[in-house]
Amino acid sequence: LGIYLAALLANGLIITAIACDHRLHTPMYFFLLNLSILDLGSISTSVPKSMANSLRDTRAISYSGCAAQVFFLVFFISAEYFLLTVMAYDRFVAICRPLHYSTLMGSRACVKMAAAAWGTGFLNAVLHTAGTFSIPLCQGNAVEQFFCEIAQILKLSCSDSYLREAGVIVVSACLVLGCFIFIVLSYVQIFTAVLRIPSEQGRHKAFSTCLPHMVVVSLFVSTIIFAHLKSPSISSPALDLVMAVLYSVVPPAVNPLIYSMRNKELKDALRK
């Protein structure tokens, strides 16, 4: 409850500050606004139902409710990852192509890129939800997680019947890997350009705009990769629970703090 309220408050403040302060109507803050909306959506998909079940001392969720939870969680998390890729491109253009920034990152281009992130997340969610719930489940109905997680649902499937969803997972993994490589290459070029800046103040300003995004991407990617690619030999219900909390609950609460800590413009807008 504490983490959920912190996420609601922090993301709500960022959304309000960016929407109300005309000085923050720039591409970087437009994408940050979208990120905060996605964070609110992802944490609100799993945590409230878990808290309600805890208060009622039950673990039950309807079949349609479970399908909806899978859809919205995959939708928000996928869209957030694709948006982080777009934000890496925004920082790359701002630092490596500053003279072309207003042309490449115009308002129409930003809206199209944000819409592409949301649309790709939606398509990914449709494919995963359809693939997961078209599988016959014959290993019981107990999901060993505090929300309906695809990996845990697939454990309930009949032998070899999960191959359709496995195919969707492979396609998504390739897409995620492609985005990750793009982010890494963008930051290699960004750091190369920043180190060429002669003034220390200029380098500091460039690093301060890029560092929060790097921290958010690292936290987001590392927890998801470890949660889903860890060896079965070290898997346990307690570890699975901790990893699920780390990638689905912690980032929405921590992201606003990371972005506002070193950002003077945003802190001024929040005070205002």
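As the structure is a prediction and not an experimental result, all values here were calculated from the model.

### Remarks on the overall build of the protein
When helices and strands are tallied, the protein shows 11 helices and zero strands. Going residue by residue from the N terminus, the α and β elements of the protein occur as α-α-α-α-α-α-α-α-α-α-α. Computed over C-alpha atoms, the radius of gyration of the protein comes to 20 Å, within 12% of the 19 Å expected from 2.2 N^0.38 for 272 residues, which places it in the range of a compact globule. Projected onto the principal axes, the alpha-carbon positions of the protein cover approximately 65 × 35 × 35 Å. Looking at the protein as a whole, 45% of its 272 residues qualify as buried.

### Here we look at helix H9 (residues 237-248)
For H9, built from 12 residues, the straight-helix expectation of 16 Å at 1.5 Å per residue is met to within 8% by its first-to-last C-alpha distance of 16 Å. Among the residues of H9, Asp240, Met243, Ala244, Tyr247 and Ser248 are the ones counted as buried. Buried residues in H9, looked at end-on, bunch into an arc of 110°, giving them a common side.

### Remarks on the nonpolar core
Residues Ile18, Phe31, Leu32, Leu84 and Ile190 are the most contacted members of the largest nonpolar core, which totals 66 residues. In terms of residue count, helix H3 (residues 63-96) provides more of this core than any other element does, 21 residues in total. Ignoring anything within four residues of it in the chain, the contact list for Phe31 reads Leu83, Val86, Met87, Asp90, Met105, Cys110, Met113 and Ala114. Residues Ala7, Val47, Val249 and Ala253 belong to the second largest nonpolar core, which totals six residues.

### Let's talk about the environment of Glu149
Locating Glu149 in the fold gives a position in the loop between helix H5 (107-133) and helix H6 (150-154). C-alpha of Glu149 to C-alpha of Tyr259: the two residues are 110 residues apart in sequence and 28 Å apart in space.

### Section: the UniProt feature "transmembrane region" (unreviewed entry) in the protein
With numbering aligned to this structure, UniProt lists the feature "transmembrane region" (unreviewed entry) at residues 29-48, 60-84, 169-194, 206-229 and 241-261. Annotated as 88% helix and 0% strand, the span residues 60-84 places its first and last C-alpha atoms 34 Å apart. Annotation note: span residues 169-194, helix share 100%, strand share 0%, distance between end C-alpha atoms 37 Å.

### Notes on the state of the cysteines
One pass over the structure, following the stated rule, counts one disulfide. A sulfur-sulfur distance of 2.1 Å marks the disulfide that ties Cys66 to Cys148. Measuring the twist about the S-S bond at about -125°, one finds the Cys66-Cys148 disulfide to be left-handed. Highlighted residues: Cys66 in helix H3 and Cys148 in the loop between H5 and H6, separated in sequence by 82 residues. Given the relative accessible area of 9%, Cys66 is considered buried. The thiol of Cys174 is not disulfide-bonded; the next cysteine sulfur, from Cys179, is found 11 Å away.

### Observations concerning the pattern of salt bridges
In total, this model carries four salt bridges according to the counting rule given. In this structure, Arg23 and Asp21 form a salt bridge, with 3.0 Å as the shortest nitrogen-oxygen distance. Here Asp268 ties to Arg271 by a salt bridge, and the two come within 2.9 Å at their closest N and O atoms. Residue Asp268 and its partner Arg271 are both found in helix H11 (residues 264-271); the two are separated by three residues, about one turn of the helix. On the basis of relative accessible area, Arg271 is assigned to the exposed category, the value being 64%. Via salt bridges that share partners, Lys264, Asp268 and Arg271 belong to a single interconnected network.

Thresholds applied
Residues numbered from 1 in each chain as written. Predicted model: local features only at pLDDT ≥ 70, side-chain atom pairs only at ≥ 80, totals over all residues. Heavy atoms only, no water. Helix = DSSP H or I, 4+ residues; strand = E, 2+ residues; numbered from the N terminus. Rg over C-alpha atoms; globule rule 2.2 N^0.38 Å. Buried < 20%, exposed > 50% of the residue type's maximum accessible area, 1.4 Å probe, protein only. Expected span 1.5 Å × (residues − 1). Arc of directions from axis to C-beta. Core = buried A, V, L, I, M, F, W, Y, C linked by side-chain atoms within 4.5 Å. Contact = heavy atoms within 4.5 Å. UniProt positions renumbered as here; feature names shortened; annotations may be inferred. Disulfide = S-S within 2.5 Å. Salt bridge = Lys/Arg side-chain N within 4 Å of Asp/Glu carboxyl O.

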